[in-house]
Amino acid sequence: MICLLTLKLTNMKDKILSNLPNEKHTLLEISYPEIHIVDRKNSDKTKGIVIYDQKQEDIKSVCLFNNTELEILVDAFGENALPIKKGKHASQCECVVFPSNYDEKSWTLVIETKYAADEEAAFKIRENEVNYPKKMVSQIISTVEYFREKNIIDKSRVVHAIISFPNLIADFNSQLFSFVEKEEWSAEYLLLYKKIRIKGCNAANIISNKRLRFVTD
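Residues numbered from 1 in each chain as written. Predicted model: local features only at pLDDT ≥ 70, side-chain atom pairs only at ≥ 80, totals over all residues. Heavy atoms only, no water.

(A) Just the packing of aromatic side chains, in detail. Counting across every chain of the model gives five aromatic pairs. For the ring pair F98 and Y102, a centre distance of 5.6 Å and an interplane angle of 80° mean the geometry is edge-to-face. Neither F98 nor Y102 differs from the other in exposure class; each is buried. An aromatic cluster of three or more residues is present, and its members are F123, F165 and F172. (Phe/Tyr/Trp six-rings, centres within 6.5 Å; stacked < 30°, edge-to-face > 60°. Buried < 20%, exposed > 50% of the residue type's maximum accessible area, 1.4 Å probe, protein only.)

In structure tokens form, the structure reads like this:
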């Protein structure tokens, strides 16, 4: 019995369901050629993260191009999905994405979005508030570290991360990290010491169970 349980919990989906509050995590299994991830909580808090198989007329998305129609799982977070103790929760991003047939060589992707209307709004310095880029990077780090502490993601595994401004058309990756003050939050530092490969973009290509490529201009 112990051996069977240990084997079962090597599966990413089972680890999430066993370690995290199920009512705060919506696990969606899909294989669309185009996977459009939308955050609707600003307009409808009852919906939050919604997944579509095509572009929507009313809202922009993070798109995962999935030409091979690989079956993947999206863990869409509800509010306060990463509990630390009663009344306290870890800062979180929008969702975690990974292949359904997850193994030790599979990719893992975390996504954080902000629906800033334009570039000025995306990179605005707000008085007494953390700017969007800095906040988004901190949410990515917090989510990945939480999943590692829960042994859902191995500490040695490189995790892919997208910081997305869906309403921006131009390439904003180079500008993104100029607004992140902490040197240890640079893209290079995060990859080397946190094992997080982070990119400012609105799309990625799912190539296989083991390969994922960011889409940038």
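(B) Region of interest: the sheet that holds strand β8 (residues 95-99). In spatial order, the strands read β1-β5-β8-β9-β10-β11; together these six strands make up an open sheet with mixed pairing. A strand with exactly one partner marks an edge of an open sheet, and here the two such strands are β1 (25-30) and β11 (196-200). Along the sheet, successive strands turn relative to each other by an average axial angle of 20°, direction set aside. Strand direction decides the pairing type here: β1 and strand β5 (residues 72-77), joined by six bridges, are antiparallel. (Pairing = 2+ DSSP bridges. Helix = DSSP H or I, 4+ residues; strand = E, 2+ residues; numbered from the N terminus. Axes fitted to C-alpha atoms, helices over the stretch in contact; angles between N-to-C directions.)

(C) Structural view of the sheet that holds strand β2 (residues 34-39). Sheet architecture is open: five strands sit in the order β3-β2-β4-β12-β13, paired in mixed fashion. Looking at which strands have only one partner, the edges of the open sheet turn out to be β3 (49-52) and β13 (212-215). Strand-to-strand twist in this sheet, taken as the mean axis angle between neighbours without regard to direction, amounts to 20°. Alignment of β2 against strand β4 (residues 62-65), held across four bridges, turns out to be antiparallel. Paired with I35 across the strands is L64, a residue of β4.

(D) Inspection of unusual backbone geometry at higher detail. Positive phi, close to 55°, is recorded for N80, a residue that is not glycine. Backbone geometry at K195 places phi at a positive 55°, although glycine is not the residue there. Mapped onto the fold, K195 is located in the loop between α6 (187-194) and β11.

Functional significance is not addressed by these values, which are geometric in nature.
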